[in-house]
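Below are the chains, spelled out letter by letter.
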Amino acid sequence: MFNFDETRFVGIQKGAVDLAPSIDKTIASAIEAGATNLYFLGTGGVAYLMEPAVQLLHRRSQFPVFKDYPAELVITGGVNLNANSIVVMPSLSGTTKESVAMLTKLKEVGCTVITLVGHADTPLGIGGNPALVNFAEDDTSSESFYIQSLLVALSVMKARGEIDNYDALVEELKTVPNALLEAKRAFEPKAKEFAAIIAGSDYHMFTGAGNMWPEALYYATCILEEMQWIRTRPVHASDFFHGPLELIEKGVSLILFRGEDDYDALAERVAAFAPGYTDRFTVINTADYAPRSLSPEMRALLSPAVMATLLERLSAHLEVMRDHPLVTRRYYKRVAY
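Cut-offs and rules
- Residues numbered from 1 in each chain as written.
- Predicted model: local features only at pLDDT ≥ 70, side-chain atom pairs only at ≥ 80, totals over all residues.
- Heavy atoms only, no water.
- 1 Å grid on protein atoms, 1.4 Å probe; cavity = no way out; pocket = protein on both sides within 12 Å on 5 of 7 lines; lining within 4 Å.
- Points joined across faces, edges and corners; volume = space filled by probe spheres on them.
- Helix = DSSP H or I, 4+ residues; strand = E, 2+ residues; numbered from the N terminus.
- Nonpolar A, V, L, I, M, F, W, Y, C, P; charged D, E, K, R; others polar.
- Pairing = 2+ DSSP bridges.
- Axes fitted to C-alpha atoms, helices over the stretch in contact; angles between N-to-C directions.
- Buried < 20%, exposed > 50% of the residue type's maximum accessible area, 1.4 Å probe, protein only.
- Right-handed = clockwise from strand over helix to strand, strands pointing away.
- Parallel < 35°, antiparallel > 145°, perpendicular 65-115°, else oblique.
- Left-handed = near helix turned anticlockwise from the far one by under 90°.
- Contact = heavy atoms within 4.5 Å.

Novice: I would appreciate a short explanation of the layout of surface pockets in the present structure.
Specialist: Gaps left between atoms show up when a probe the size of a water molecule is rolled over them. Estimated volume of the largest pocket: approximately 990 Å³. Lining the largest pocket are 31 residues, with Thr43, Gly45, Glu226, Tyr332 and Lys333 sitting closest to its centre. For the lining of the largest pocket, the elements supplying multiple residues, two or more each, are helix H3 (45–60), helix H5 (97–109), helix H7 (138–159) and helix H10 (213–228). If one sorts the elements of the lining of the largest pocket by residue count, H10 sits on top with 6 residues. When its residues are assigned to classes, the lining of the largest pocket shows 12 nonpolar, 10 polar and 9 charged.

Novice: Even after reading the chapter, I still don't get the sheet that holds strand S5 (residues 131–133), so can you show me in this structure?
Specialist: Two modes of strand pairing occur in sheets, parallel and antiparallel, and in both the strands are linked by backbone hydrogen bonds. The strand order S2-S1-S3-S4-S5 describes an open sheet built from 5 strands, whose pairing is parallel. Of all strands in the sheet, those bounded by a partner on one side alone are strand S2 (65–67) and S5. Averaged over all pairs of adjacent strands, the angle between their axes in this sheet comes to 20°, without regard to strand direction.

Novice: Hey, could you run me through the pairing of strand S4 (residues 112–117) in this one?
Specialist: Each regular strand displays side chains that alternate between the two surfaces of the sheet. Most of S4 sits out of view: 5 of its 6 residues are buried. Note that strand S3 (residues 85–91) and S4 share 6 bridges and pair parallel. Its bridge partner being in S4, Ile86 is matched across the sheet by Thr112. Taking the sense of rotation as the criterion, the β-α-β connection linking S3, H5 and S4 turns out right-handed. Direction of pairing for S4 relative to S5: parallel, over a ladder of 3 bridges. In the sheet register, Leu116 faces S5, and the bridge partner there is Leu132.

Novice: What should I look at first to understand the packing of H7 against helix H8 (residues 166–173) in this one?
Specialist: The angle between the axes and the distance between the axes are what describe a pair of packed helices. Contact geometry for H7 and H8: axes closest at 10 Å, N-to-C directions at 165°. Taken together, the axis directions place H7 and H8 in an arrangement best described as roughly antiparallel. Helix-helix and strand crossings are classified by hand; for H7 and H8 the assignment is left-handed. Where H7 approaches H8, its residues Leu150, Leu151, Leu154, Ser155 and Lys158 are matched on the opposing element by Tyr166, Leu169, Val170 and Leu173. Among the residues forming the contact of H7 with H8, the class breakdown is 7 nonpolar, 1 polar and 1 charged.

Novice: Is there a simple way to explain the pairing of strand S9 (residues 280–285) in this structure?
Specialist: Pairing between strand S8 (residues 253–258) and S9: 6 bridges, direction parallel. In the strand pairing of S9, Leu256 is matched with Val283. Tracing the backbone out of S8, into helix H11 (residues 264–273) and back to the parallel element S9 gives a crossover that is right-handed.

So far we have only geometry, and geometry alone does not tell us how the molecule works.
Printed below as a string of structure tokens:
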């Protein structure tokens, strides 16, 4: 595949799966000790990657789960954030300014803090209890964080007796690194074609529903805006018909992400509407590329990771096509802010 190291990729995703025992032990111990709620506190794009796990727990568990902005919570605190909270703090670098500040606050609160980081010798890599480390870089981190956050959600449900196939799902997760590689290979012949669609306009609307929405938001914001300086308008498919549809006309690019969870009917509604009003409507559907070797349940749970792994192939072509490396920044970690 173009500009891609298969061995490196599979190793990183395997590293995420291998965190299952540590995650499960920590979650089980905290809940047994009387934990009363769970917080996902990510900053920036990595917070979006936690959202499918948040959704899963909101829909299938009665354990109270919150997602908040560390930059806000560090200022005000929160009535539900206390010593009986479990906090999951992801940060690829382990140095994210807002998250490091939140970590200091959390130590004062005295709750269980699970940090998910890509680098051990960092404030978040040192400060978690525990700190779980799986090395990754930008082009491999999305899938890794999707897997880790799914493991958190599954462990919560296991500890509370809300799931009866935890062991089977974790066993199947061991096959996911190679399944994601298969999905990349299946998508590769189309990747350049989709990259040309992105390169062909300086503005795109992105939409998706269910666990596809976080990936639509992530790709539009953290890849195209941050790494390619392409303007985007991400909108949840359920909100599309409450304002944003008025922006759709001939020449406007609308890109729909479709997955295999229960909310694809919302994506179908957009798909039925858009072709009648724009000549630049694009659909990327994980069902077209996810290996059938994965169970329907696993494909549904990991649709965001599958989409992320496809889009990495698209981005690899896009940066060359636009002569704009993904590492190029104007301001991010380059000026004071």
